[in-house]
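# Structure assessment
Now for the letters of each chain:
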Amino acid sequence: MGLINTGAAAQTIALPGTAPAPKRPAPRAPTGSVPRHVAIIMDGNGRWAAARHLPRLAGHRAGAQAVRRAIEAAIRNNVGWLTLYAFSSENWQRPEDEVSDLTGLLRHYLRHEVAELHREHVRLRAIGDRARFGAEISRELAQAERLTEGNTRLNLTVALSYGGRSEIVAAARAVAAAAAAGTLDPAAITEASFSAYLFTAGMPDPDLVIRTSGERRVSNFLLWQAAYAEYLFPEVLWPDFSASHFESALADYATRDRRYGTRPEP
Ligand code: IPE
Ligand code: IPE
Ligand code: MG
């Protein structure tokens, strides 16, 4: 037939001259729409503090305030899914005192903010290697996830000790183990079935990834999931991020033409 089946998405592509071109799939997010899932690489806390001759911890504290503003802005703008990159698997390489400050802030956040998230009908999830934060934080994260699991106003996911490559390797290892045990047929593995082995199983892919502080790199964030995300790199340092920055990002997203490899509309 001269057709290539690309698998999970079941998009069938005709090779030139071999078959009539199939109907182009409708874009999932037409121009002008609100992103269903916004993911943010919250960067620039250290530079914010340095500019004020303050310790880096002051920047991280101010960054925690910006988290609150981003959550409120997501709720007000009907964004259903918000994912925040709070600590990467590479951030363990920072000096011990900074890691301990960040862990302390996380513990404080879990103890003092979860009740408020629950009141606001926010569902909290964590992705990443949470065990590295120790038994206590792991337990508190699990409790917060259980407490909020019935909430539907906003799905808030916090990436903690998260790395995209190690997430994919862990998924590959689990898939290989199932195949070796004879419970999974390698030929039956699809993009959709592989996705179910990732931390983000069941979550929609991000539509928009924002990285603050002007850095233009992805730093190991949602490598698989952001395959077709739109990216935005505002200059604002994370502690200065406000509702208006969030809304400008939504306005920019609304102008994008997401084509997923199809031909632009004439
Ligand atoms: C982001 O701010 C917070 C974390 C990575 C934990 P940084 O601490 O990376 O701030 P800069 O990039 O040094 O300004
Ligand atoms: C990425 O920021 C991770 C988070 C924002 C949590 P980094 O500041 O750690 O990334 P690099 O080192 O500049 O790539
Ligand atoms: Mg940084």
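Described below are features of the structure shown in this document. (Residues numbered from 1 in each chain as written. Chains lettered and ligands numbered in written order. Predicted model: local features only at pLDDT ≥ 70, side-chain atom pairs only at ≥ 80, totals over all residues. Heavy atoms only, no water.)

## With respect to the overall build of the protein
Assigned secondary structure in the protein consists of 7 helices and 8 strands. Pairs at least 24 apart in sequence give 74% of the contacts found in the protein among residues at least 6 apart. Accessible surface for the protein amounts to roughly 14200 Å². Of this, 55% is attributable to carbon and sulfur atoms. (Helix = DSSP H or I, 4+ residues; strand = E, 2+ residues; numbered from the N terminus. Contact = heavy atoms within 4.5 Å. Areas by Shrake-Rupley, 256 points an atom, 1.4 Å probe, with all protein chains shown as cover.)

## Examining the packing of helix α3 (residues 96-119) against helix α4 (residues 135-148)
Packing of α3 against α4 brings their axes to within 11 Å, and their N-to-C directions diverge by 15°. Regarding the angle of α3 to α4, the classification is roughly parallel. Considering the relative orientation of α3 and α4, their crossing is left-handed. Only E136, I137, E140, L141, A144, L147 and T148 of α4 make contact with α3, whose side of the interface consists of T103, L106, R107, L110, R111, V114 and H118. Looking at the contact of α3 with α4 residue by residue, the class counts come to 7 nonpolar, 3 polar and 4 charged. (Axes fitted to C-alpha atoms, helices over the stretch in contact; angles between N-to-C directions. Parallel < 35°, antiparallel > 145°, perpendicular 65-115°, else oblique. Left-handed = near helix turned anticlockwise from the far one by under 90°. Nonpolar A, V, L, I, M, F, W, Y, C, P; charged D, E, K, R; others polar.)

## With respect to the site of ligand 1
Taken together, the neighbourhood of ligand 1 is formed by 13 residues, with D43, G46, R47, R56 and R94 sitting nearest. Contacts to ligand 1 include R47, whose side-chain N or O atom sits 2.7 Å from an oxygen atom. At a separation of 2.9 Å, an oxygen atom of ligand 1 approaches a polar side-chain atom of R56. Alone, ligand 1 offers 380 Å² of accessible surface; in the complex the protein occludes 85% of this. Where the shell around ligand 1 is concerned, the elements lending two or more residues are α1 (45-51), α2 (56-76) and α3. Per-element tally for the shell around ligand 1: the top contributor is α1, with 3 residues. Class assignment for the residues of the shell around ligand 1 results in 3 nonpolar, 5 polar and 5 charged. (Near = heavy atom within 4 Å. Polar contact = N/O pair within 3.5 Å; in protein donor to acceptor, adjacent residues only side chain to side chain.)

## Some words on α2
An ideal rise of 1.5 Å per residue puts 30 Å on 21 residues; α2 measures up with 30 Å between its terminal C-alpha atoms. Residue N78 follows α2 closely and has a positive phi angle near 60°. (Expected span 1.5 Å × (residues − 1).)

## Remarks on the pattern of salt bridges
Overall, the coordinates contain 18 salt bridges when judged by the stated rule. We note a salt bridge from D43 to R47, for which the minimum N-O separation is 3.4 Å. E120 serves as the salt-bridge partner of R153, at 3.1 Å between the closest nitrogen and oxygen. Of the two residues, R153 is situated in the loop between α4 and β6 (154-162) and E120 in the loop between α3 and β5 (122-127); the sequence distance between them amounts to 33 residues. Classification of E120 by relative accessible area gives partly exposed; the value is 31%. A network of salt bridges, in which partner residues are shared, links D43, R47, R211, E215 and R217. (Salt bridge = Lys/Arg side-chain N within 4 Å of Asp/Glu carboxyl O. Buried < 20%, exposed > 50% of the residue type's maximum accessible area, 1.4 Å probe, protein only.)

## Details of the site of ligand 2
Neighbouring residues of ligand 2: I41, M42, D43, Y85, A86, F87, N91, R94, R211, R217 and S219. Residue R94 places a side-chain N or O atom 3.3 Å away from an oxygen atom belonging to ligand 2. In the environment of ligand 2, an oxygen atom lies 2.6 Å from a nitrogen or oxygen atom belonging to the side chain of S219. Look at ligand 2: alone it shows 390 Å² of surface, and the protein chains cover 78% of it. With respect to the detected pockets, ligand 2 is housed in the second largest pocket. (1 Å grid on protein atoms, 1.4 Å probe; cavity = no way out; pocket = protein on both sides within 12 Å on 5 of 7 lines; lining within 4 Å. Sits in = over half its atoms within 2 Å of the grid points.)

## With respect to the pairing of strand β4 (residues 81-88)
A regular strand places its side chains so that they alternate between the two faces of the sheet. Summarising burial for β4: 7 of the 8 residues are buried, a large majority. Across 5 bridges, strand β3 (residues 37-41) lies against β4 in parallel orientation. Across the sheet, I40 pairs through a bridge with L84, a residue of β4. Summarising the sheet, β4 and β6 pair through 7 bridges and their orientation is parallel. Paired with Y85 across the strands is A159, a residue of β6. (Pairing = 2+ DSSP bridges.)

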